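# Remarks on the overall topology
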Amino acid sequence: MASKSTSINSLLFNTTDLKPLDQTWILQSLQFETATQKAKSFTKTPPDNVFLEFYGLFKQATVGDCNVAQPGALDLKGKAKWNAWNSNKGMSQDAAKAAYIAAYEKYAPQYA
């Protein structure tokens, strides 16, 4: 247990004990969270294929491999989203975060 003189910030944000890999993971997670928030606030609406790219990478980054049944043929929107997510099958969650960040950096100049 921390002493009374130990600040909350030093407990939460002390990175001196973290290994470089931990620091890289934290940085990537922060960049991913920032990119997701900024992508939600694009001033121009991206076309469906760009939205689906973001959607598939987001789901892979946050959930992992697609774990839901494929929607029926009449659910065109659901099927497109499922296909976008399932197209990233096998990609690690960290790799999906990196790909999402790269996609944001690619499309931000066009839609931000």
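Residues numbered from 1 in each chain as written. Predicted model: local features only at pLDDT ≥ 70, side-chain atom pairs only at ≥ 80, totals over all residues. Heavy atoms only, no water.

## As for the packing of aromatic side chains
- Under the counting rule described, the total for this entry stands at 10 aromatic pairs.
- When the centroid spacing of 6.1 Å and the interplanar angle of 70 degrees are considered together, the rings of Phe42 and Phe54 count as edge-to-face. Taken as a pair, Phe42 in the loop between α2 (20–40) and α3 (48–62) and Phe54 in helix α3 lie far apart in primary sequence, 12 residues in all.
- Relative accessible area serves as the criterion here: at 12%, Phe42 is assigned to the buried category.
- Aromatic side chains Phe42 and Tyr111 sit 6.1 Å apart centroid to centroid with 40 degrees between the ring planes, which places their arrangement in the tilted category. Of this pair, Phe42 sits in the loop between α2 and α3 while Tyr111 sits in helix α5 (residues 93–111); the two residues are 69 residues apart in sequence, bridging distant segments of the chain.
- If you follow Lys59 out to its NZ or CZ, it ends over the ring of Trp85, 4.7 Å from the centre. (Phe/Tyr/Trp six-rings, centres within 6.5 Å; stacked < 30°, edge-to-face > 60°. Helix = DSSP H or I, 4+ residues; strand = E, 2+ residues; numbered from the N terminus. Buried < 20%, exposed > 50% of the residue type's maximum accessible area, 1.4 Å probe, protein only. Lys NZ or Arg CZ within 6 Å of the ring centre and 35° of its normal.)

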